[in-house]
Amino acid sequence: MPLLEDTVGVEDLVLLEPLEEKSLLENLQLRYENKEIYTYIGNVIISVNPYQQLPIYGPEFIAKYQNYTFYELKPHIYALANMAYQSLRDQDRDQCIVITGESGSGKTEASKLVMSYVAAVCGKGEQVNLVKEQLLQSNPVLEAFGNAKTIRNNNSSRFGKYMDIEFDFKGAPLGGVITNYLLEKSRVVKQLQGERNFHIFYQLLAGADAQLLKALKLEQDISCYTYLNPEVSRIGGMDDASNFRAVQRAMTVIGFSEEEIRQVLEVTALVLKLGNVEMTDEFQANGIPASGIRNGKGIQEIGEMVGLNSEELERALCSRTMETAKEKVVTVLNVIQAQYARDALAKNIYNRLFNWIVNRINESIKVGTGEKKKVMGVLDIYGFEILEDNSFEQFVINYCNEKLQQVFIELTLKEEQEEYKREGIAWTKVDYFDNGIICNLIEHNQRGILAMLDEECLRPGVVSDSTFLAKLNQLFSKHSHYESKVTQNAQRQYDHTMGLSCFRICHYAGKVTYNVAGFIDKNNDLLFRDLSQVMWKARHPLLHSLFPEGNPKEASLKRPPTAGAQFKSSVAILMKNLYSKNPNYIRCIKPNENQQRGQFSSELVVVQTRYLGLLENVRVRRAGYAFRQGYKPFLERYRLLSPCTWPYWNGGDREGVEKVLGELSISSEELAYGKTKLFIKSPKTLFYLEEKRHLRLQQLAILIQKVYRGWRCRTHYQLMRKSQILISAWFRGNKQKKHYGKMKASALRIQAFVRGWKARKNYRKYFRSGATLTLANFIYRSIVSTWFLSLFPSSTFPSSTMILTPVLCSSQCKKFRDQLSPKQVQTLKEKLYASELFKGKKASYPQSVPVPFRGDYVGLQGNPKLQKLQGRDEGPVLMAETVKKVNRGNGKISARILLLTKGHVIITDTKKFQAQTIIGLDSVAEVSVSSLQDGLFSLHLNEITSVGSKGDILLISDHVVELLTKMYQAVLDATQRQLSVTVTEKFSVRFKDKSVAVKVIEGPVGGGKNKLICKKKGSHLEVTVQ
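Computed from a predicted structure; not experimentally measured.

1. What about the packing of helix 10 (residues 296-306) against helix 11 (residues 310-318)?
- Packing of helix 10 against helix 11 leaves a shortest axis separation of 9 Å and a crossing angle of 120 degrees. By the angle class used here, helix 10 and helix 11 are oblique. The handedness of the crossing between helix 10 and helix 11 is right-handed. In this structure, helix 10 uses Ile-299, Gln-300 and Ile-302 to contact helix 11, whose residues at the interface are Ser-310, Leu-313 and Leu-317.
- Class assignment for the residues of the contact of helix 10 with helix 11 results in four nonpolar, two polar and no charged.

2. Here's the deal with the UniProt feature "binding site: ATP" (unreviewed entry) in the protein
- With numbering matched to this structure, UniProt assigns "binding site: ATP" (unreviewed entry) to Gly-101, Glu-102, Ser-103, Gly-104, Ser-105, Gly-106, Lys-107 and Thr-108.
- The residue Ser-105 is located in the loop between strand 3 (95-100) and helix 4 (107-121) in this model.
- Judged by relative accessible area, Ser-105 falls into the buried class, the value being 1%.
- Within the local environment of Ser-105, its side chain forms a polar contact with the backbone oxygen of Glu-102, the two atoms lying 2.6 Å apart.
- Here Gly-106 is in contact with Asn-49 and Cys-588, once residues within four sequence places are set aside.

3. Let's talk about unusual backbone geometry
- A cis amide bond links Trp-646 to the next residue, Pro-647, at an omega of 5 degrees.
- Tracing the backbone shows Pro-647 in the loop between helix 24 (631-638) and helix 25 (653-663).
- A positive phi angle is found at Lys-217, which is not glycine, with a value near 60 degrees.
- Mapped onto the elements of the fold, Lys-217 is located in the loop between helix 7 (210-216) and helix 8 (240-254).

4. Some remarks on the pairing of strand 21 (residues 893-900)
- One ladder, built from eight bridges, connects strand 20 (residues 879-886) with strand 21; its direction is antiparallel. Bridge pairing in strand 21 places Lys-885 opposite Ser-894.
- Examined bridge by bridge, strand 21 and strand 22 (residues 904-908) share four bridges and lie antiparallel to one another. The residue of strand 22 that forms the bridge with Leu-898 is Ile-907.
- Here strand 21 folds back onto strand 22 in antiparallel fashion, the turn holding three residues.

Definitions and cut-offs
- Residues numbered from 1 in each chain as written.
- Predicted model: local features only at pLDDT ≥ 70, side-chain atom pairs only at ≥ 80, totals over all residues.
- Heavy atoms only, no water.
- Axes fitted to C-alpha atoms, helices over the stretch in contact; angles between N-to-C directions.
- Helix = DSSP H or I, 4+ residues; strand = E, 2+ residues; numbered from the N terminus.
- Parallel < 35°, antiparallel > 145°, perpendicular 65-115°, else oblique.
- Left-handed = near helix turned anticlockwise from the far one by under 90°.
- Contact = heavy atoms within 4.5 Å.
- Nonpolar A, V, L, I, M, F, W, Y, C, P; charged D, E, K, R; others polar.
- UniProt positions renumbered as here; feature names shortened; annotations may be inferred.
- Buried < 20%, exposed > 50% of the residue type's maximum accessible area, 1.4 Å probe, protein only.
- Polar contact = N/O pair within 3.5 Å; in protein donor to acceptor, adjacent residues only side chain to side chain.
- Pairing = 2+ DSSP bridges.

Below is the structure:
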């Protein structure tokens, strides 16, 4: 077991150092003081009653312990319940949880915690939840009718309960069977000082409303009832009224009808009222003492409530009919005998009522016989009792605990050694006390105390408790575990605590002295036949069913079995049941006698640890191996840890186990290989194996998920592919159908047009098309215009014409513009710029208006050299033309090619097409041009630029209007400024640092193209246009 960092003391006593009684006691005390009430001895759990509610229970802790193995978390009763449930569910092993300890050590609470855990972790569903709720709700019902306050415990179980919870193959609860043992029915009529009767009496009086109490003929005051002890009517921390309501709800959940609940309460009230029936002395005529009822009101109320004849009931209580094979004899009872009959009736009614309730619960939670079941048994039985006055009840209770100790000894100590011996495993022998001798002393068929008690009850002649004790003294005078006053005197021992009517047995838990007074009567447990017959005659359905032997037709003279014989038989069946299941032990310890939280009495606890055999159990666990399992189930569980054994292994089971453990590198000291089983020494190793298996299961789960997801995706893809093909085929077919329909409609339409055209053509051969309509429209307009104009004076129309003309022009212009393409819009835009620049200013402008602007006059597309001159980012060439450059020094003219782009003006030679001058459009400051028919213009450049520093440029172009228009638009787009174009015959150009005056004059008109003659005279340049 892993040692957690925050542990208090030692969690598993197998690891305790040094292994002594003192250290064991100190460890339990240390953990108890720190509210750690659970401690392990291997897979046995020790529970010390805290006498308070600790925050270690509930859904959060159930979920926590459900997901971990036994040794992985702190010791807890949930861990043991989880181990038992998982073993039952996963390994198909029937389980039994044996809860032992003294009265007041917390056995009942432990059993409820186990059941609540199993109910929380098992399956879910409407039917499953109903079964779980019924199993859980059986606890408050059985506690109400079977538990009582004793000196040692406020909620002591006064009966033994063994519940078999049955599960299906999935681990979901199907139902259960409850077996009860030896209800302490004597408590109904008598309780010790400081104790109470069964809880249900107090709950009924405290929780029933006035209407119910009236129907049951009861008073709420507890002091009104003889069978109830008024000194301890209430218990601290226990609300009888709310508990009564809880019992009613629980009975409803289990399946009790409203009528059945009412009948149960009526029988319970009957028991209380019987106690108030007071007997009085009477005498017959012959002087024989007899008895009678002091006040007949109580008997009358009982009769009215359950449908009895009050006179018959009174006669049955005060007399007895002795019946033999030949005759009947009626004898009267004195007061003491009548009181005994009354109390015997009350005890029998309550005992039979309790048995009926258990059987009724079993009817609701039973499982069908045809279903295959797994079983988990939970044993909650009275603890070992040593009182000041121990009677027959304590004797049989301690006998049962002696048998349970024997089971524990045989299954956890003796069987431990014998199994090692069978498997050939060497280990250190541990001596232990075998209480079989005590069990034989009590239960031996011929020479046991119970056998002697039955023999004495059946023996004819004078029989009493004294004769029974004398027989025991004679038979067991030399028995080492039997003592009495007679045997002590024979051995010359003096013990003032031993009474003359007592005997003592040395139990495993210590010596207990029993008073034989009442042994014979309690063992006989007889109820007079008269009372049984009267109860059978009752018209109350439940009470009538409780006494079937009262039917005269089924009357039997055979003596019923004694109480001791019945209990011995029940214990034998219980032991057989326990031996058939895998046991799980909860050893409960009472820390103090005062039921106070935080108090730890070392003297009391050490006695309990001795008779529980805790130290011997630790020694066995420590000397041997904590875990063992057959090779086959071990291999089945852990073979997935080795690639050699997973997924298939064809060798022997032992060889497979050796393969698995060999690959895990576990120390050889931790393992031992027996003949049929593997033994593991430390819980740490087992936990290591479980952790490895858990990780491997996760890996396998991921692998399975991966394969499944791949298969699912492939299947989904194939399905989608088939669907896509089907959809595509349908879509293509539908598309083709639509296309065919359109083609057919188009063909029909074309055919219709063609046929119509042919018909009209043939028609026009004989008659002019539309002549009639044209003629009719002409006549109609002529008549209308003549009539319309005669209505208005002639002076009205000129002003209207002036208003409507611009509107008509704008409308027609808009209609015209909307019909233009982007290229046509650009052409008109250029024409607009040309109009703004040269209209009325340049003589050659009118000739340029009808001529489209081409832009390329040099064949740019066929000249790659020129194409290389334009930059990559310049875009298309706006203007490409052959121009003439005027030398500013001598006036001579030379041919050049001009390229206009969006950012530059490039001038190249006409031969090699190499750029001579590149002028940025931002360097062009102004353009000067004459107003004549010539193509002379000057580019005035900014002086600050490198090109402009050489001076302005004079050029002659045959398409001067187009060139300057495009240049104007390019400068506007590039620099967002309007290029100044000056139209004048006189302008000056800059030549380096000199200025030359240019004058353009018009010469005589020639017959050819306009010819320019340039003459340079000093600082003047004269250009003549011929």
